Every structure is written in structure tokens, then in C-alpha cells.
Amino acid sequence: MKRRRIVLIGYGAIAADLAARLLAAREPAYDLAVLLGAASPSRERVPFGCALLSDIEGVAAFAPDLVVEAAGHGAIRAHGPACLGLGLPLLVSSIGALHDETLLAQLTDAARAGGGRILLPSGALGALDYVRAVSRAADLALRYESRKPPAAWKDELARLGHDAEHLDSAVTLFTGDARAAAAAYPQNLNVAAALALAGPGFSGVEVAVVCDPAAAGNTHIVEAKSALGTMRIEIANRPSPANPKTSWIVGASLMAAIDQFFSPIQML
Ligand SMILES: NC(=O)c1ccc[n+]([C@@H]2O[C@H](COP(=O)([O-])OP(=O)(O)OC[C@H]3O[C@@H](n4cnc5c(N)ncnc54)[C@H](O)[C@@H]3O)[C@@H](O)[C@H]2O)c1
């Protein structure tokens, strides 16, 4: 089977996990390149055999079948429009960046003009297929609650005067809609943005962010109520060993999305 070519943007917790999965894959096998800033300390971690790129010209020259972003909101701003303008499909981890209507319009315009496509994985969450199905249902009420342990919120807790090491009860950090949540917490609230884009839009998702010392991992609760019925799911993800804000499953979710992308069978 033809080898597939993938550019990873970023090489942190998610990209390193994904790269290990891609390099171990055989049907198809993958050739990888990694796009990082010229002075990024992550360059030292990129495994032997992966090309290192510094700019969009390098991406174009590598001629990938797919670009995968796992770098943060700034990377979507910096590289998303150019990749899509080159006609490249772009699998986006930092879905929260799309809360910015101007950036979203810029990305969709670039995709239309260049022939690229913006691909959104389920990431740390699940049940986006159900949310898409009920998105036009009458009286849809969609609620998302994030419950993560204090290790995921050290800086935010310190700003509120709490010590993450000695928190003995839950602290609600945020309540509001998905747009405000994605803007306030770029590293943690990508799943609220995924729900918004699958469902009723950014203003239609009610979000609560709770730091909970009793949380069984990075916990996501989604409730959907509509004329079609009700759904409640609770997912308790283990935090990534390399980044406690990130759920460990995200690398596996991206790998599943890449499998789908290259598969003759599509599960929608
Ligand atoms: N969809 C989801 O469910 C979900 C879940 C967790 C995280 N995320 C997103 O994935 C991102 C990455 O997560 P992580 O845990 O791997 O983070 P990380 O901090 O471990 O790694 C980030 C990497 O991106 C690189 N980077 C940053 N800005 C860049 C840029 N402009 N160009 C190129 N590289 C750049 C950094 O050098 C680093 O290598 C998060 O910021 C978040 O937006 C999405």
C-alpha cells in the first residue's frame, strides 16, 4: 500500500503520542514531517527519520496528504489559512480557536478557495454524532461540564488565591457559553467548541468548568435534551503523562481520525 505523508504542526504531548502511533503503523505506513518554530525547544524531541520544517514553504515542498495540528490556538492562526489555501486537508486539535468568528471565516474561505478541508476529530470527547443528529431538533438544550483535578488548573487556581496542592473542595472556575469558555481556556475547552460546532453553535452550549480534587481523571459530562429524546454521557479520561491539561486519549482520537481519512469505509 502507498505510504502516506503527514505533516504534524507542534511536537508536544499529543503530537509525540500520535507520531509514535503513526511510525508504528504498517497498512498504510507513514512518512512524517514536523512543523515547529525555528527556535522551538520541541525540535530536540522529534524522532530520527522525521523531517523538521520551519515554515509553510517547507510544508508545501514536503507535499503531505494531510496536515495535523496539535500545537494550540496560535498555530491555527499562524498556519491554518496557508495550509488550506494550498489545498491541504487540515485535522485540527485546537478546535477552540474556531470560536473566533473572523478566524473561522478566514479558514473556511481559504478552504473553499484552495480546495483544502477543515477536519475536526472528537478529541477528548465522544457522542458528537448524536449531537449533530439533534442539532436541528426543537428545544435542544445542550450542557457540558468539565471536571478536572487541580493538577490541570495550577495557574488558574493560583490566580484565584488557591493552592492546587491543598485544595479540599471543588471550585467552579467558569460558567457561561462555549464561545466565552473557548476564549478563556484555550488549552482546556476545545471540547466545548467541538460540541458547539457539532450542535447549536457557540452561544447554544451551556458550559461549566469545575476544578475538583475528587475528579476521577479529566471528566467530561454532556447532557442533551430535545424533542427527540435525552442523552447523558460521562467520560473520565486519564490525563496525558506529558501534559495534565490534555487527556491522554487525544492522540488515539487523532489516530482514529487519520485511519478514517485514509479508509475506503467512512463512519460519519
Ligand atoms: N480537541 C481536543 O479534545 C483537545 C484536547 C487537548 C488539547 N487540545 C489542543 O491541542 C493542543 C496541543 O496540546 P498538547 O497537550 O500537545 O500541548 P503541548 O503544550 O504539550 O505541546 C504544544 C506543542 O506545539 C508547539 N507549538 C506551539 N505553538 C506553535 C506554532 N505556532 N507553530 C508550531 N508549533 C507550535 C509547541 O512548541 C509544542 O511542541 C492544545 O493547545 C489544545 O489547543 C485539543
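Our structure's up above, just so we're on the same page.
Residues numbered from 1 in each chain as written. Predicted model: local features only at pLDDT ≥ 70, side-chain atom pairs only at ≥ 80, totals over all residues. Heavy atoms only, no water.

Visitor: So, the side chain of S247: which residues are in play, and what are the values?
Guide: As for its placement among the helices and strands, S247 is situated in strand 13 (residues 243-247). A distance of 3.4 Å separates the side chain of S247 from the side chain of N218, its partner in a polar contact. Those residues in contact with S247 that sit more than four places away from it in its chain are A124, N218, H220, N237, R238, P239 and S240. (Helix = DSSP H or I, 4+ residues; strand = E, 2+ residues; numbered from the N terminus. Polar contact = N/O pair within 3.5 Å; in protein donor to acceptor, adjacent residues only side chain to side chain. Contact = heavy atoms within 4.5 Å.)

Visitor: A description of the site of the ligand should follow, citing residues and the corresponding values.
Guide: Taken together, 26 residues surround the ligand, and among them A13, S42, S94, A124 and T246 come closest. In this structure, A124 approaches the ligand through a main-chain N or O atom, which is 2.9 Å from an oxygen atom. Within the side chain of N243, a nitrogen or oxygen atom sits 2.9 Å from an oxygen atom of the ligand. For the shell around the ligand, the elements supplying multiple residues, two or more each, are helix 1 (13-24), helix 3 (73-85), helix 8 (190-198) and strand 13. When its residues are assigned to classes, the shell around the ligand shows 13 nonpolar, 13 polar and no charged. The residues that make up the shell around the ligand include at least three from each of domain 1 (4-119 + 249-262) and domain 2 (128-237). (Near = heavy atom within 4 Å. Nonpolar A, V, L, I, M, F, W, Y, C, P; charged D, E, K, R; others polar. Domains from an automatic or database assignment.)

Visitor: Give a detailed account of unusual backbone geometry, specifying residues and quantitative values.
Guide: With an omega of 5°, the peptide bond running from E27 to P28 counts as cis. With a phi angle near 70°, A127 is a residue other than glycine that sits in the positive phi range. For A127, the location among the structural elements is in the loop between strand 6 (118-119) and helix 5 (128-134). Phi angles above zero are rare outside glycine, and D139 is one such case at about 60°. With respect to the secondary-structure elements, D139 resides in the loop between helix 5 and strand 7 (141-148). According to the relative accessible area criterion, D139 is exposed, its value standing at 71%. (Buried < 20%, exposed > 50% of the residue type's maximum accessible area, 1.4 Å probe, protein only.)

Visitor: With reference to specific residues and values, describe the sheet that holds strand 8 (residues 171-177).
Guide: Here five strands make up an open sheet; going across it, the order is 8-9-7-10-11 and the pairing mixed. The open sheet has two edge strands with one neighbour each: strand 8 and strand 11 (229-237). Direction aside, neighbouring strands of the sheet carry axes that sit 10° apart on average. With respect to the sheet, helix 8 is in contact with strand 7, strand 9 (205-211) and strand 10 (218-226), its orientation differing from that of strand 7 by roughly 165°. (Pairing = 2+ DSSP bridges. Axes fitted to C-alpha atoms, helices over the stretch in contact; angles between N-to-C directions.)

Visitor: Can you lay out the nonpolar core for me, pointing to particular residues and giving the numbers?
Guide: I6, L8, Y144, V207 and I258 are the most contacted members of the largest nonpolar core, which totals 85 residues. The element that contributes the greatest number of residues to this core is helix 8, accounting for seven residues. Taken together, domain 1 (4-119 + 249-262) and domain 2 (128-237) each give at least three residues to this core, which thus spans both. (Core = buried A, V, L, I, M, F, W, Y, C linked by side-chain atoms within 4.5 Å.)

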